[in-house]
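Listed here are the chains, written in short residue letters.
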Amino acid sequence: MINNILFIVHLIKSINSLNTKEKILIASKELFREQGFGAPTLNLLAQKIGISRGNLTYYFKDKDALLEALSEEMWVKYEANIGRAMQFPSWGSTNEVTKVYLELQKEYSFIFQDVKVVSHPMIVEQIQRMKEDVLKRQMSTIAFSIQIGNMHEERIPGSYSNMCELIWMVNFYWLSSESYRKENETTSWDKLVWNLILPYFTEKGMNSFKEHFGEEYYQSLGERFKQNNPQMIGF
């Protein structure tokens, strides 16, 4: 009987502890998004949550410990969402994967849009893991697309690996670039990325793309190049 009571008391304490830890993570994420990672102090964070600084440091000894927990939370969400978005290799699924990645960038903007935070060794490791995973999935999609006749065999050595690197860079820097893009710009990340991919598609692949996304979307990918026949000397 006594053992059962002690077990219940321990269980209640564990639940309360977990709730407090979750509250800290949720509140810190909101505060970091509002003010950046560097500005808020532990005192301010504790005040926002409604606990003492000592109680806060019981769970997270400093802001680096908080950053580690939040980056791990981000990775868990990434894996779960990517798994749902990409059940098999296809460019349609890759489009969904990019949406997942951009949503994570928004949720954890205090990581991706802060040079000091994004260059933190712990964060660098997380982002490298994400990049390796994304590039691996894209190369699998290319291999599958070649196999079913939707993409050409590689004509220039390194073309496809370089294309995947460019797609990663577009996705990684897209949200950061929003601050200096004009309001009337119609280019979006997906249209920019498709302009990198589609030149490698076969006629069969182009027909599949139009069937999946529609002719109207295809025609909206960008403005046609206007050739003005400039005088050129050399290459």
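The structure presented is a predicted model; accordingly, all values stated were derived computationally and were not measured. (Residues numbered from 1 in each chain as written. Predicted model: local features only at pLDDT ≥ 70, side-chain atom pairs only at ≥ 80, totals over all residues. Heavy atoms only, no water.)

**So, the overall build of the chain**
As a reminder of what qualifies: Secondary structure elements follow DSSP: runs of H or I of four or more residues count as helices, runs of E of two or more count as strands, with numbering from the N terminus. Under the scheme applied here, a residue whose accessible area is under 20% of the maximum for its type counts as buried, over 50% as exposed, and between as partly exposed, the area being computed with a 1.4 Å probe on protein chains only. Note on contacts: a residue pair is in contact if any heavy atoms of the two residues lie within 4.5 Å.
Within the chain, the secondary structure is distributed over 12 helices and 0 strands. The helix and strand sequence of the chain, counted from the amino end, reads α-α-α-α-α-α-α-α-α-α-α-α. Residue burial in the chain is summarised as follows: out of 235 residues, 37% are buried. Intrachain contacts of the chain at a sequence separation of at least 6 include 64% that bridge at least 24 residues.

**A look at the packing of helix α5 (residues 91-107) against helix α8 (residues 121-147)**
Basically, it comes down to this: Only the contacting stretch of a helix is used when fitting its axis, a line to C-alpha atoms as for every element, and angles between N-to-C directions run 0 to 180 degrees. Convention used here: angles under 35 degrees read as roughly parallel, angles over 145 as roughly antiparallel, angles from 65 to 115 as roughly perpendicular, and any remaining angle as oblique. Two helices cross in a left-handed way if the nearer one is turned anticlockwise from the farther one by less than a right angle. They cross in a right-handed way if the turn is clockwise.
Put simply, α5 and α8 touch, their axes get as near as 10 Å, and they point 165° apart. In this view, α5 runs roughly antiparallel relative to α8, as classed from their interaxial angle. Between α5 and α8 the crossing geometry is left-handed. Note on element contacts: α8 touches α5 through M130, Q138, T141, I142 and S145, opposite W91, T94, Y101 and L104.

**Focus: empty space enclosed by the protein**
What counts here: Cavities and pockets were defined on a 1 Å grid built from protein atoms only: a cavity is a group of points that admits a 1.4 Å probe but offers it no way out, a pocket is an open group of points flanked by protein on both sides within 12 Å along at least five of seven lines, and a lining residue is one with an atom within 4 Å of any such point. Grid points are joined across faces, edges and corners, and a volume is the space filled by probe spheres set on the points. Any residue that is not Ala, Val, Leu, Ile, Met, Phe, Trp, Tyr, Cys, Pro, Asp, Glu, Lys or Arg is counted as polar, Gly included; the first ten are nonpolar and the last four charged.
Scanning all chains against the criterion turns up 2 cavities of 30 Å³ or more. What lines the largest cavity is a set of 10 residues, among which V97, T98, V134, Q138 and N171 lie closest to the centre. Per-element accounting of the lining of the largest cavity gives the leading share, 4 residues, to α5. By residue class, the composition of the lining of the largest cavity is 5 nonpolar, 4 polar and 1 charged. By volume, the second largest cavity amounts to about 60 Å³. Forming the boundary of the second largest cavity are W91, T94, N95, T98, Q138, I167, W189, V193, W194 and I197. Elements with a minimum of two residues in the lining of the second largest cavity: α5 and α10 (189-197). For the lining of the second largest cavity, a count of residues per class yields 6 nonpolar, 4 polar and no charged.

**Notes on the pattern of salt bridges**
Let me state the cut-off plainly: The salt bridge definition used is simple: a Lys or Arg side-chain nitrogen within 4 Å of an Asp or Glu carboxyl oxygen.
Inspection of the entire model under this criterion finds 7 salt bridges. Taking the shortest distance from any N to any O, the salt bridge between E107 and K29 comes out at 2.8 Å. Placement of E107 in helix α5 and of K29 in helix α1 (residues 2-35) is noted, with a sequence separation of 78 residues between them. Judged by relative accessible area, which is 9%, K29 ranks as buried. Salt bridges here are not isolated pairs; linked through shared partners, they connect K29, E73, K77 and E107.

**Some thoughts on the nonpolar core**
For the record, the criterion: Here, the term nonpolar core denotes a set of buried Ala, Val, Leu, Ile, Met, Phe, Trp, Tyr and Cys residues that are joined through side-chain atoms within 4.5 Å.
Membership of the largest hydrophobic core comes to 58 residues, with the highest contact counts inside it found for I111, W194 and F201. With 9 residues, helix α9 (residues 159-177) is the single largest residue contributor to this core. Once residues within four sequence positions are removed from consideration, W194 is found in contact with W91, N95, P199, F201, F209, F213, Y217 and L221.

**Thoughts on the environment of V193**
Positionally, V193 belongs in helix α10. Sequence separation between V193 and I167 is 26 residues; the distance between their C-alpha atoms is 6.0 Å. The residues contacting V193, other than those within four sequence positions of it, are I167, V170 and N171.

**Some remarks on the packing of aromatic side chains**
The test is simple: Side-chain rings of Phe, Tyr and Trp (the six-membered ring for Trp) are treated as a pair once their centres are within 6.5 Å; stacked means planes under 30 degrees apart, edge-to-face means over 60, and tilted covers the remaining angles. Charge-over-ring contacts are defined here by two conditions on Lys NZ or Arg CZ: a distance within 6 Å of the ring centre and an angle within 35 degrees of the ring normal.
Enumeration over the complete set of coordinates arrives at 19 aromatic pairs. Ring pairing ties together the aromatic residues W91, W194, F201, F209, F213, Y217 and Y218, which thus form one cluster. Just above the ring of F37 sits the side chain of K63; from NZ or CZ to the centre is 4.8 Å. Residue placement shows R129 over the ring face of W75; its charged tip is 4.0 Å from the ring centre.

**Here we look at the confidence of the model for the chain**
Counted only if it meets this: Confidence of the predictor in every single residue is expressed as pLDDT, which spans 0 to 100.
Scored by pLDDT, the chain comes out at a mean of 84, with 86% of its residues at no less than 70. Low pLDDT, under 50, characterises residues 4-17; the predicted model gives this stretch 1 contact beyond four residues in sequence or across chains.

**Overview of α9**
It helps to recall that an α-helix has 3.6 residues per turn; residues three or four apart then point in one direction. Just so we agree on the cut-off: Each helix should span, by expectation, one fewer than its residue count multiplied by 1.5 Å. Bend, at a single residue, is the angle you get between axes fitted to the 7 residues ending at that residue and the 7 residues starting at it.
With 19 residues, α9 extends 25 Å from end C-alpha to end C-alpha; this agrees with the ideal 27 Å at 1.5 Å per step. Approximately 25° is the largest bend angle found in α9, and it occurs at N171. Among all positions of α9, only S159, Y160, M163, C164, I167, W168, V170, N171, F172, W174, L175 and S177 are buried. Taken together, the buried residues of α9 touch α5, α6 (109-112), α7 (115-118), α8 and α10.

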